[in-house]
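So the chains spell out like this:
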Amino acid sequence: MKETVKSLWQTLFGDSVRGFGVVSLVFLASLAIAPAKNHFSEWRHYQHGYLKMIRNRSDAITLQRHFQGGIQQIWLPDLGVVDRCTSCHVGLKEASLTDVSTQPFRPHPVIPHKLDQFGCTVCHRGQGAATTVAEAHSSTLAWEQPILPAKYIESSCGECHRGPLAGALQLNQGRHLLSRYGCVHCHTVKSPNGSTMKATDHPPSLSHIADKTTREWIYAWLKDPQAYAATATMPNFKLSDDDARDISAFLIANSTAVPGNTATPAAKASADPAAGASLYGESFCASCHAVQNAAGNLVGGDVGPELTRVGSKVKPEWLQAWLHNPRAYDAETSMPHYRFSESQVARLSGFLLAKTDSDLLANVHLEAATPEQIAHGKRLVSDYGCASCHEIAGIKKPENFAPELSRIGSKPITQLVFLPGMQHTLPDYIATKIKQPRAFGQGLKMPQYSFTPAQTDSLATALLAFNDRAATLPPSLTVAAKSESDYQPAGKAGKLMTDLACFSCHRINGHGGEMAPDLTWEGSSVQRQWLVQFLKNPNTLRPALIRRMPRFNLTDAEANELADYMMTVYQNPAVDRDSMPLNGYPQGQVELGNQLFYGKYACQGCHIVDTKTDKGYIGPTLTQVGSRLTAAWIFQWMKNPQALRPGTVEPNRAMSDEDARALTAFLISQKGAGKSEVAKTKK
């Protein structure tokens, strides 16, 4: 063997000339490797495949002219983006390739951004500088961000758009769930501007819980909140029987009484279910509260707690005091003060107390608590961070109880623990953590939620949007969320509006709910006489809607106080409500408006004037609009609805002043005279 090697060496390098020649040949061969490798590269293979695909198409000449060979690159220094994705995805901009479904040749779906404005990796992630499929799409030793699964793609929208975004339903729902289910009570989520995401679930104070319910109910609730209410946002902490026993013991022992909530009921709860059900319906309690019907389906809103089994929870004396005045027990409640009479409280409390579940507490038998159990319960309340959500006397709200999630979407996978069989990707980790939080280790405190697969995907989408890029984007590339104002009305009217919980449903000056119309410009839009009558006895303006304004049993003085305040304060500077009269319009102008309403603008498609013939249930009924709205508001609304109420579905028809005045004259004449008056104007 040695002789063979020696002979070969002598042959190749026996003298300097032969040695130089051999080295030169090796050097030339090595130089040839690079172009050969380039010739057989994946991107060139895909470009050849693309050219072959378009060869026999009718638009081949156009596509061939658009085609650019070689490595293509998008460079966005402001974003730190280098994308070579279009070296393989050569047909992204070709709208005529809609019939092509094969990757990487199909065109990109229509989006509101230009492809060369943001590149590919801003939305899809992956390694944009790579020129092979494996390096571009997958995790490698040097790159941890593979292509984002398509079902989470909306998370990329959330990097720039910090508020609700039309078309990004999954992202919007995920953000809503983070607030609605109180995730941000324990986990801090900070925006780049320094603001912190706020929870919207408003967990009740537990400092006076013994006034409201029993220790047995607390025990059953702690063991399984969803067994009591399917819509409960509180998760299941998987407590042992002993732990649930001790926590319930501590909460009852720690509770202090609220004056007025433990008194003997002034009226005996009514046993007339029909009368109670009627009052429940008339008060539109279902606008906020859900109840399971006979078929097991939930019917009602989700602003307040579910009432399916409320009779198994609350004490009769507490319920009656609550119905008399909810703010005596909870000053921050979203429940309005209805001003029910004693007999109404008796009827409604009797109806609600009858909603029980005999199985809920059937197997709950608790002995008197010992001091040791109470002390242990207090430790558990601290250990599980109960005060992160609930106010509990003697327990301080914990700081940094759970990991901050402000950049969870960029967390390195080297810092994560994966379950056996899991794919080692960040999206898989987040989704599994939401579904099975306790599976990642003994002693973990994150509770078990009952999210559906769709809700889990939405939450993962929202969390993936909290990443390094979102935190470092230039302000010029972000769309800030509209901040919630802290507006509060002043004076006696302000106290009344707080007592009636107007902001639970209505929005005013950027503060409040979305269930009912925005009242910011109410003083410019409505007539005072109508407003007073409506506050005293609300009627429906949209018959197709299930949720309605309840009757609050206001006194004349209270209704006038509210009306005066709204008419004075809630004014739109662009609308002079006294600039146009409320009657006296020429009959010819009214007739022209009638023709425009039913002809040129076809307003009856959404609105009702003639209750016998019109079928429009989308917008409010206009049979009495002349007694409700001011003429100046109607005119300005016809000219530009979005200027008065951004986001309204009413289209802007670029109406002329003449048409707007004629329609105003026609509508202001509709004062609820009935069919004959309307029919007369339609002839």
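Refer to the preceding data block for the structure.
Below is a short write-up of the structure. If you're wondering where the values come from, they're calculated on a predicted model, not measured in any experiment.

### Examining the overall build of the protein chain
Summing up its helical and strand segments, the protein chain has 31 helices and six strands in all. Rg of the C-alpha trace for the protein chain: 34 Å, well past the compact-globule value of 26 Å for 683 residues, more than 25% over. Relative to its 683 residues, the protein chain shows a buried fraction of 44%. Long-range contacts, defined as pairs at least 24 residues apart, comprise 62% of the intrachain contacts of the protein chain with a sequence gap of at least 6. Working note: accessible area of the protein chain is about 36,500 Å², and carbon and sulfur atoms make up 57% of it. Averaging the locations of the 68 positively and 60 negatively charged side chains of the protein chain gives two centres separated by 4 Å.

### Describing the pattern of salt bridges
Evaluated as defined, the whole model comprises 19 salt bridges. Across the pair Arg 125 and Glu 159 runs a salt bridge whose closest N-O atoms are separated by 3.8 Å. In this pair, Arg 125 is assigned in the loop between α6 (121–124) and α7 (133–137) and Glu 159 in helix α8 (residues 157–160), connecting sequence segments 34 residues apart. Like Arg 125, the residue Glu 159 is buried in the burial classification.

### Topic: unusual backbone geometry
A cis geometry characterises the amide bond from Gln 103 onward to Pro 104, with omega recorded as 10°. Tracing the backbone through its elements, the reader meets Pro 104 in the loop between β2 (81–83) and α5 (115–118). For Phe 284, which is not glycine, the phi dihedral falls at a positive 55°.

### Quick word on helix α25 (residues 556–569)
Two residues of an α-helix separated by three or four positions point the same way, owing to the 3.6 residues in each turn. For α25, which comprises 14 residues, the first-to-last C-alpha distance of 20 Å matches the rise-based estimate of 20 Å (1.5 Å per residue) to within 8%. Structurally, α25 contributes buried residues whose contacts are with α22 (491–499), α23 (522–525) and α24 (528–536).

### Quick word on the packing of aromatic side chains
Each aromatic ring pair is summarised here by two numbers: the centre-to-centre distance and the angle between the ring planes. Applying the stated rule across the entire model yields 25 aromatic pairs. With a centroid separation of 5.0 Å and 70° between ring planes, the pair formed by Tyr 181 and Phe 451 is classed as edge-to-face. Of this pair, Tyr 181 sits in the loop between α9 (169–180) and α10 (183–186) while Phe 451 sits in the loop between α19 (426–435) and α20 (453–464), and the two are 270 residues apart along the sequence. A ring pair is formed by Tyr 565 and Tyr 570, whose centres lie 5.7 Å apart and whose planes are at 85°; its orientation type is edge-to-face. You'll find Tyr 565 and Tyr 570 in the same group, each marked buried. A network of ring pairs unites the aromatic residues Tyr 487, Phe 503, Tyr 565 and Tyr 570 as a single cluster. The ring centre of Trp 530 lies 6.0 Å from the NZ or CZ of Arg 628, which sits over that ring.

### Quick word on the environment of Val 417
Position of Val 417 among the secondary structure elements: in the loop between α18 (371–383) and α19. According to the relative accessible area criterion, Val 417 is exposed, its value standing at 53%. In this structure, the C-alpha to C-alpha distance between Val 417 and Leu 554, residues 137 residues apart in sequence, is 59 Å. The contacts of Val 417, once residues within four sequence positions are left out, are Tyr 429 and Phe 440.

### Focus on the packing of helix α16 (residues 316–324) against helix α17 (residues 342–353)
Taken N-terminus to C-terminus, the directions of α16 and α17 make an angle of 130°; their axes are 9 Å apart at the nearest point. Considered as vectors, α16 and α17 are oriented oblique to each other. Seen from above, α16 lies across α17 with right-handed handedness. Across from Pro 316, Leu 319, Gln 320, Leu 323 and His 324 in α16, the residues of α17 making contact are Glu 342, Val 345, Ala 346, Leu 348, Ser 349, Leu 352 and Leu 353. Across the contact of α16 with α17, the residue classes tally to eight nonpolar, three polar and one charged.

### Description of the side chain of Thr 213
Inspection of the secondary structure assignment puts Thr 213 in the loop between α11 (209–212) and α12 (215–223). Overall, the relative accessible area of 1% leaves Thr 213 in the buried class. Among the polar contacts listed, one links the side chain of Thr 213 to the backbone oxygen of Lys 313, at a separation of 2.5 Å. Leaving out residues up to four positions away in the same chain, Thr 213 has contacts with Ile 218, Ile 252, Lys 313 and Lys 315.

### Let's talk about the layout of surface pockets
Empty space within the second largest pocket amounts to approximately 1,300 Å³. In this structure, the second largest pocket is lined by 48 residues; those nearest its centre are His 108, Cys 120, Cys 123, His 124 and Ile 153. Of all the secondary structure elements, the ones that give two or more residues to the lining of the second largest pocket are α3 (42–54), α5, α6, α7 and α8. Top element by residues in the lining of the second largest pocket is α6. It accounts for four residues.

### Quick notes on α24
For α24, the set of buried residues is Trp 530, Leu 531, Val 532, Phe 534 and Leu 535. Lining the buried residues of α24 we find α23, α25 and α27 (625–628).

### Focus: the packing of α9 against α20
Contact geometry of α9 with α20 gives a least axis separation of 7 Å together with a crossing angle of 90°. Viewed along their axes, α9 and α20 adopt a mutual orientation that is roughly perpendicular. Residue-level inspection shows Gln 170, Leu 171, Gln 173, Gly 174, Arg 175, Leu 177 and Leu 178 of α9 in contact with α20, the latter providing Ala 454, Gln 455, Asp 457, Ser 458, Leu 459, Thr 461, Ala 462 and Leu 463.

### Considering the state of the cysteines
Under the definition given, this model contains zero disulfides. Here Cys 157 stays unpaired: no disulfide links it, and the sulfur of Cys 123, its closest cysteine neighbor, is 6.3 Å away. Since its relative accessible area comes to 29%, Cys 157 is described here as partly exposed.

### Remarks on the environment of Ala 232
As for its position among the elements, Ala 232 is in the loop between α13 (225–228) and α14 (241–254). In this structure, the C-alpha to C-alpha distance between Ala 232 and Glu 306, residues 74 residues apart in sequence, is 7.5 Å. Apart from residues no more than four positions distant in its own chain, Ala 232 is found in contact with Tyr 181, Trp 221, Pro 225 and Gln 226.

### Re the side chain of Asp 211
As for its placement among the helices and strands, Asp 211 is situated in helix α11. Although buried, Asp 211 forms no salt bridge, and the nearest oppositely charged side chain, Lys 315, lies 6.3 Å from it. Of note is the side chain of Asp 211, whose polar atom sits 2.7 Å from the backbone nitrogen of Val 258.

What counts as what
Residues numbered from 1 in each chain as written. Predicted model: local features only at pLDDT ≥ 70, side-chain atom pairs only at ≥ 80, totals over all residues. Heavy atoms only, no water. Helix = DSSP H or I, 4+ residues; strand = E, 2+ residues; numbered from the N terminus. Rg over C-alpha atoms; globule rule 2.2 N^0.38 Å. Buried < 20%, exposed > 50% of the residue type's maximum accessible area, 1.4 Å probe, protein only. Contact = heavy atoms within 4.5 Å. Areas by Shrake-Rupley, 256 points an atom, 1.4 Å probe, with all protein chains shown as cover. Lys, Arg positive; Asp, Glu negative; His and termini not counted. Charge placed at Lys NZ, Arg CZ, Asp CG, Glu CD. Salt bridge = Lys/Arg side-chain N within 4 Å of Asp/Glu carboxyl O. Expected span 1.5 Å × (residues − 1). Phe/Tyr/Trp six-rings, centres within 6.5 Å; stacked < 30°, edge-to-face > 60°. Lys NZ or Arg CZ within 6 Å of the ring centre and 35° of its normal. Axes fitted to C-alpha atoms, helices over the stretch in contact; angles between N-to-C directions. Parallel < 35°, antiparallel > 145°, perpendicular 65-115°, else oblique. Left-handed = near helix turned anticlockwise from the far one by under 90°. Nonpolar A, V, L, I, M, F, W, Y, C, P; charged D, E, K, R; others polar. Polar contact = N/O pair within 3.5 Å; in protein donor to acceptor, adjacent residues only side chain to side chain. 1 Å grid on protein atoms, 1.4 Å probe; cavity = no way out; pocket = protein on both sides within 12 Å on 5 of 7 lines; lining within 4 Å. Points joined across faces, edges and corners; volume = space filled by probe spheres on them. Disulfide = S-S within 2.5 Å.

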